[in-house]
Amino acid sequence: MSNKTQRDEKNFNQAALDYHKSEPKGKIEVIPSKPHSSQRDLSLAYSPGVAIPCLEIEKNPETVYDYTGKGNLVAVISNGTAVLGLGDIGAEASKPVMEGKGLLFKIFADINVFDIEIDEKDPDKFIEIVKGIAPTFGGINLEDIKAPEAFYIEQKLKEELDIPLMHDDQHGTAIISAAALINSLQIAGKNIEDVRMVVNGAGAAAVACTNLYISLGLKRENVLMCDSKGVINHKRENLTPEKIDFVAHTDLETLEDALKGSDVFIGLSKGNVMTPEMLSSMAENPIVFALANPDPEIAYDLAMATRKDVIMATGRSDYPNQVNNVLGFPYIFRGALDVQAKGINEEMKLAAVHAIANLAKEPVPEAVILAYNVQNLQFGREYFIPKPFDNRLITKVSSAVAKAAIDSGIARKTITDFDEYETQLLDRMGRDEKLVRMMQNRAKANPKRITLGNAEEYNVLKAAQILYEEGIAYPSLLGDKKYIKEQMERFGITLDIPIIDPSDDDQKENRKKYRETLWKLRQRKGMNEYKAKRYVRQRDYFGPLMLKHGDTDGLIVGFSKNYTSVLRPVLEVIEREKGVDKVAAMMMILSEKKPIFFADTSINQNPTAEDLVNIAKMAEHTVKSFAIEPRIAMLGFENFAAISETSKKVAKAVSILHEKFPKMIVDGEIQPDFAMNADHLSDYPFSKLGTTPANTFIFPNLESANLSYKIIRGMKVAQVIGPILMGLKQPVHVLQMRSSVDEIVNLATVAVLDAQRRESKNSK
Ligand SMILES: NC(=O)C1=CN([C@@H]2O[C@H](COP(=O)(O)OP(=O)(O)OC[C@H]3O[C@@H](n4cnc5c(N)ncnc54)[C@H](OP(=O)(O)O)[C@@H]3O)[C@@H](O)[C@H]2O)C=CC1
Ligand SMILES: CC(=O)C(=O)O
Ligand SMILES: [Mg+2]
C-alpha cells in the first residue's frame, strides 16, 4: 500500500469514528410522532387516555395496527456472529451495523426501526427471545447471523410468526445480486442456463443467492461452491445439509482450480481471496461479483487493471455497481408492511428481483446523476444495477412486492389503485413533486410533438431522452445534425427521434415554405426577401416557423443563448392571443408547501399600471390552466398605502382590475410576506384576498420578480419551473440559460399540456 493510500485510509477510519461519536452518539434517536406540548396532549398520550386504545386492542387484536406504530416498525435483530465480513465480533460490536440499517430503513422507505442486539448464540434460545418480542413489530429483519444457524433460525421463526420476516444476508443479498446477475449476463451476451459459476463462500448469503439463481435457470451442475476449506466436492466430509446440496463430483480442490474457464464468480466470503491470476484464468467477459464487506474478494481497481473485459460489482458504494442489500430491504419491507403481509414469500422476492433489474434499464433521472456527480448513467458495464439514491426504487420495488403479496394470497390488506399507492409512497418520502407528477401524467395521456432547440447540449439531449422514454412528449431535436450525432455518441445517449437541421437538404421544402411566411409577416417591418431567405437557415427563426406551420406542437428554445435574443424571432413569428398587447413570463415555484407563481419575471422591465393589469389577467388564465384557483397579490413594499410612486402604480392597477374584473380574486398593493400569511391578511378585512393566502404574485417591475425567483432557485429551497411564456397563440417557451435537465423536461411538459388544451379548444 502506498503512503498516500495508507494516509487516506487512516483519515477515513478517523472520520468514521468521529461520525459515530459526534453528539448525539450513534445514528438513531426516537422522535414522538404526536403533539405533546399541553397537559391535554399528555393525558391523551399517556394515562388516562392511553388506556382506551389498550382496551380496544385487547378486544380486537388487529386494531394494534390502528392505534400503535407497530405497522411501520421493524426490528433489525442480530447476535453478531457474522457481522459483514468481519466474522463473529459479538452482539455489542454489531450495534453500529444494526443502527446503520435502521438509518437506511428510515431514509429510503420511512420505516421506523428498533435495532436489537441479542447476546445469544444458541439457536433455540435465540428463537425464543425473538418470538417473545415479536408482538412489538410489524416486521423482523434478521441480520448478520452466521450459517448454518441462520438457516435454522429463519426457518423456525417463519413457521412460528405471521409477520414479514427475512434474514437479509440470505434473501436481500440474493434478490439484489440476482437482479445484477440477470443484467450482467445480458451485457456479457451469455445465458444463465449455460454459464459456469463459482461461488466463494458457503454461508448464509452464498447458499441463498445460489438457490435463487437456480430458480432463475442456473444449472446446479454448473456451480462449484467453495468454503474456507476449498471446493465442496464429493471427497469432503462432515458437511452441513446446505453444503451437501452443492457437493460437486469433481477432483478440483481449490478456488484457483475452480475458477479456470468459469463465466461467473460470486464472492460472499472474505476480503482479498481472489488473485489477479485467478481472474485472468476465467472465460471471456467474466462476471465478478466480489461482495464481501468491507473489503471485496478482489479490489475493484485491481480487477480492472487485470482485465479490461471484466464485468464487475462489489458491495461498496465507492465503485460502480454496488450490489448491496440496501437496494432491497427498505422497499421489500415497505411493500410487505403496507399490505400487512403474513410473511415474505418466493413470489415477493422474484417480483423484487425483476423490478430492480428492469429499473437499471430505464433512463436515469437527473437527480440521481447529480447525487453521484457523474455525467451520465446508462445501462452497461458501469451501470447494471440501480443506485441506492434512486427514488424510483421505492415506487417500483415496493409496489411490485405489495402486488405479489396480494396476488399470492398472503396480504391481509389489499391495494386497488397502484398509481395512487405509488403517489402515496412518494409523498411519504416528502418529495413534494405532486404537481409535476400530475402534469407529467396528464401529458403522458396525450403526448405532443415538442421541438427542442440547442440540441447539441447534454442537458437538452438528456431531457429529450427522458421526454421520449417516459412518454411525456414526442421530442425532436433542432440544430446541427452532424454535431448532435457526435454529442449523442460522446454522452452515450441513444435516441431514435427526428433531428431537424435547418440547413440540411431534407429541409429544402420547409425552408421555402417558411421563407414565404417570414417575408409576408415582416415585409412591412423592414425585412426583404433576401434576409428572409437567410434567416430561415437560422434555428432561432426555423423553430418558431415550424410551430407556426403546425410542423411541431410546441417549442422549447434558449438553452445556451441570451433570453431576449431568442425571444425576438419568436415574437416576430408567433401571433399574440386576442387582446394581448405585450407578452409576459411566469415562474412556477414548487416548495414543500403549495405551488406559487411569480410574474412577470422575464420580459417587461418597467410595466405601467395598464401593463400590470394585463400581466395579472394572463397570470390568472395560466394558473387556472394548472387546475389551481388563482389568488393574486399585486406586490409592493407597502400594504394598502399607495405612498411611493411604485405603490401608486400598483394601486392604480388594482383599481382597474377591481373595476373591470370584479370577480377576480386580486388585491394589493401588499407585501409578499403579508399576502402569504392568513393572520396578517386578517388585518385587512376589506381585501378581496380575505384571509386565504395568495398563490400568484404580480411584481411591480421585472427586477424584483426576476431577482426574487433567482434567489429561490439559487438557494435550492424549491423547484422552479419556467419561464412560462404567456400571451402567445402557440406553446413556445424560452429557457433560462443553462437550465437543468429537470427544468427542460418540466417546461416541455408545460408545453405539451398547453398544446393539449389548444387542441381540445379547437375541436369544440
Ligand atoms: N454485498 C452484500 O450485500 C452482502 C455481502 N455479504 C458478505 O458476504 C460475506 C459472508 O456473509 P454471510 O454469508 O452472512 O456469513 P456466514 O458466516 O454465514 O458465511 C461466511 C462464509 O464464508 C466462508 N469463508 C470464509 N473464509 C473463506 C475463504 N477464505 N474462502 C472461501 N470461503 C470462505 C465461510 O466458510 P466456512 O463455511 O468454511 O466457515 C462461510 O461459508 C461477508 O463478507 C459479508 O459482508 C453478506 C450479505 C450481503
Ligand atoms: C451488506 C451486508 O449485509 C453485509 O455485508 O453483511
Ligand atoms: Mg449483513
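Residues numbered from 1 in each chain as written. Chains lettered and ligands numbered in written order. Predicted model: local features only at pLDDT ≥ 70, side-chain atom pairs only at ≥ 80, totals over all residues. Heavy atoms only, no water.

Draft legend 1. Geometry of the overall build of the chain. Counting its secondary structure elements, the chain contains 31 helices and 21 strands. Taking the principal axes of the C-alpha coordinates as reference, the chain spans close to 100 × 75 × 55 Å. The contacts in the chain between residues at least 6 apart in sequence include a share of 69% that link residues at least 24 apart. (Helix = DSSP H or I, 4+ residues; strand = E, 2+ residues; numbered from the N terminus. Contact = heavy atoms within 4.5 Å.)

Draft legend 2. Region of interest: the side chain of Thr 395. Checked against the element boundaries, Thr 395 lands in helix α17 (residues 392-407). Judged by relative accessible area, Thr 395 falls into the buried class, the value being 8%. Side-chain polar atoms of Thr 395 contact the backbone oxygen of Arg 392, separated by 3.0 Å. Those residues in contact with Thr 395 that lie beyond four places of it in its chain are Glu 422, Leu 425 and Leu 426. (Buried < 20%, exposed > 50% of the residue type's maximum accessible area, 1.4 Å probe, protein only. Polar contact = N/O pair within 3.5 Å; in protein donor to acceptor, adjacent residues only side chain to side chain.)

Draft legend 3. Just the packing of aromatic side chains, in detail. Taken as a whole and assessed by the stated rule, the structure comprises 17 aromatic pairs. Centroid distance Phe 418 to Tyr 421: 6.1 Å. Interplanar angle 90 degrees. Geometry classified as edge-to-face. Of this pair, Phe 418 and Tyr 421 are both found in helix α18 (residues 418-428), three residues apart, which corresponds to roughly one turn of the helix. Just as Phe 418 is buried, Tyr 421 falls in that class too. An aromatic cluster is built from Phe 640, Phe 674, Tyr 684 and Phe 686, whose rings are joined through pairwise contacts. One residue, Lys 101, lies across the ring of Phe 329, its end atom 3.9 Å from the ring centre. (Phe/Tyr/Trp six-rings, centres within 6.5 Å; stacked < 30°, edge-to-face > 60°. Lys NZ or Arg CZ within 6 Å of the ring centre and 35° of its normal.)

Draft legend 4. Geometry of the coordination of the magnesium ion (ligand 3). Every protein donor of the magnesium ion (ligand 3) is listed here as Glu 143 (OE), Asp 144 (OD) and Asp 169 (OD), and their distances to the metal cover 2.0 to 2.1 Å. All donors of the magnesium ion (ligand 3) come from a single chain, and their spacing in sequence reads E-D-x24-D. Of the two residues, Glu 143 is situated in the loop between β3 (139-142) and α7 (149-160) and Asp 169 in helix α8 (residues 168-188); the sequence distance between them amounts to 26 residues. (Donors = N, O, S within 2.8 Å, 3.2 Å for Na, K, Ca; no water.)

Draft legend 5. Just the UniProt feature "active site" (unreviewed entry) in the chain, in detail. Residues annotated by UniProt as "active site" (unreviewed entry) correspond here to Lys 101. With respect to the element layout, Lys 101 can be found in helix α5 (residues 95-109). Overall, Lys 101 belongs to the buried group, its relative accessible area being 5%. Setting aside anything within four residues of it in sequence, one finds Lys 101 in contact with Val 76, Asn 141, Glu 143, Asp 168 and Phe 329. (UniProt positions renumbered as here; feature names shortened; annotations may be inferred.)

Draft legend 6. Structural detail: the domain arrangement of the chain. For the chain, the assigned domains read domain 1 (3-30 + 69-163), domain 2 (170-177 + 184-327), domain 3 (441-461 + 473-557) and domain 4 (584-727). Relative to domain 2, the C-alpha centre of domain 1 lies at a distance of 25 Å. Facing the 12 residues of domain 1 at the interface are 11 residues of domain 2. On inspection of domain 1 and its partner domain 2, the count reaches zero salt bridges. At the boundary of domain 1 with domain 2, the tally comes to two residue pairs in polar contact (both at pLDDT 80 or more). Contributions of two or more residues to the side of domain 1 that touches domain 2 are made by α5 and α7. Examining the composition of the side of domain 1 that touches domain 2, we find that three residues originate from one element, α7, more than from any other. (Domains from an automatic or database assignment. Salt bridge = Lys/Arg side-chain N within 4 Å of Asp/Glu carboxyl O.)

Draft legend 7. Structural detail: the site of ligand 1. Around ligand 1, 27 residues are found, and the nearest of them are Ala 202, Ala 204, Ala 205, Ser 228 and Lys 243. In the environment of ligand 1, an oxygen atom lies 2.9 Å from a nitrogen or oxygen atom belonging to the backbone of Ala 202. Ala 204 is positioned such that a nitrogen or oxygen atom in its backbone is 2.9 Å from an oxygen atom of ligand 1. Those elements that provide at least two residues to the shell around ligand 1 are α8 and α9 (204-215). Two domains each put at least three residues into the shell around ligand 1: domain 1 (3-30 + 69-163) and domain 2 (170-177 + 184-327). (Near = heavy atom within 4 Å.)

Draft legend 8. Molecular detail of the sheet that holds strand β20 (residues 719-726). Across the sheet, six strands lie side by side as β18-β17-β19-β16-β15-β20; this open sheet has mixed pairing. Lying at the two open borders of the sheet, with one neighbouring strand each, are β18 (666-670) and β20. The sheet shows a mean angle of 25 degrees between the axes of neighbouring strands, direction not considered. Contacts from helix α27 (residues 645-660) reach β17 (632-635) and β18, with the element oriented near 170 degrees to β18. (Pairing = 2+ DSSP bridges. Axes fitted to C-alpha atoms, helices over the stretch in contact; angles between N-to-C directions.)

Draft legend 9. Focus on the site of ligand 2. Contacts to ligand 2 come from Leu 84, Glu 143, Asp 144, Asp 169, Asn 293, Asn 324 and Asn 325. A distance of 2.9 Å separates an oxygen atom of ligand 2 from a polar atom in the side chain of Glu 143. Taking Asn 293, its side chain carries an N or O atom lying 2.7 Å from an oxygen atom of ligand 2. Protein burial of ligand 2: of its 220 Å² of free accessible surface, 82% is covered by the chains. A breakdown of the residues in the shell around ligand 2 according to their chemical character gives one nonpolar, three polar and three charged. Residue-level mapping places the shell around ligand 2 at the junction of two domains, with at least three residues from each of domain 1 (3-30 + 69-163) and domain 2 (170-177 + 184-327). (Areas by Shrake-Rupley, 256 points an atom, 1.4 Å probe, with all protein chains shown as cover. Nonpolar A, V, L, I, M, F, W, Y, C, P; charged D, E, K, R; others polar.)

Draft legend 10. Region of the structure containing the state of the cysteines. By the definition in use, this model includes zero disulfides. Left without a disulfide partner, Cys 226 is nearest to the cysteine sulfur of Cys 209, which lies 15 Å away. (Disulfide = S-S within 2.5 Å.)

Draft legend 11. Quick peek at the sheet that holds strand β2 (residues 112-117). Reading across from one edge, β2-β1-β3-β4 is the order of the four strands in this open sheet, with parallel pairing throughout. Each edge of the open sheet is held by one strand with a lone partner, namely β2 and β4 (165-167). Averaged over neighbouring strand pairs, the angle between their axes works out to 20 degrees when direction is ignored. Strand direction decides the pairing type here: β3 and β4, joined by three bridges, are parallel. Across the sheet, residue Leu 142 finds its bridge partner in β4, namely His 167.

Draft legend 12. Molecular detail of the environment of Gly 550. As for its placement among the helices and strands, Gly 550 is situated in the loop between α24 (539-548) and β14 (554-557). Assessed through its relative accessible area of 37%, Gly 550 is described here as partly exposed. Between the C-alpha atom of Gly 550 and that of Tyr 319, which follows or precedes it by 231 residues, the distance is 48 Å.

Draft legend 13. Focus on a nonpolar patch on the surface. Residues Leu 84, Leu 86 and Ile 89 make up a contiguous nonpolar surface patch of roughly 240 Å² in combined accessible area. You can call Leu 84 partly exposed: its relative accessible area is 40%. (Patch = residues over 30% accessible without salt bridge, like charges linked within 9 Å, V, L, I, M, F, W, Y side chains within 5 Å.)

Draft legend 14. Summary view of the pattern of salt bridges. This model, assessed by the stated rule, comprises 47 salt bridges. Ionic pairing is found between Lys 403 and Asp 407, a salt bridge with its closest N-O pair at 3.2 Å. Residue Lys 403 and its partner Asp 407 are located together in helix α17, separated by four residues, close to a single helical turn. A residue is classified by how much of its surface remains accessible, and Asp 407, at 59% relative accessible area, is exposed.

Draft legend 15. Spatial organisation of the nonpolar core. Core analysis: the largest hydrophobic core is formed by 80 residues, its most contacted members being Phe 289 and Met 348. Looking at this core, the element that brings in the most residues is α8, giving nine residues. Shared between two domains, this core takes at least three residues from each, and those domains are domain 1 (3-30 + 69-163) and domain 2 (170-177 + 184-327). What Phe 289 contacts, discounting residues up to four positions off in sequence, is Ser 177, Ala 180, Leu 181, Ser 184, Phe 265, Ile 266, Gly 267, Ala 313 and Phe 384. In terms of nonpolar packing, the next biggest core, distinct from the first, is built from 70 residues, Met 588, Leu 612, Val 623 and Ile 628 among them. (Core = buried A, V, L, I, M, F, W, Y, C linked by side-chain atoms within 4.5 Å.)

Draft legend 16. The arrangement of the pairing of strand β6 (residues 223-227) in detail. Counting buried residues in β6 gives five out of five residues, a clear majority hidden from the surface. Neither face of β6 is exposed, since Val 223, Met 225 and Asp 227 on one face and Leu 224 and Cys 226 on the opposite face are all buried. Where strand β5 (residues 197-200) lies against β6, four bridges are found, and the strand directions are parallel. Along β6, the bridge assignment pairs Met 197 with Val 223. Handedness of the crossover joining β5 and β6 through α9 is recorded here as right-handed. Taking the residues between adjacent antiparallel strands as the criterion, β6 and strand β7 (residues 230-231) are bridged by two residues. (Right-handed = clockwise from strand over helix to strand, strands pointing away.)

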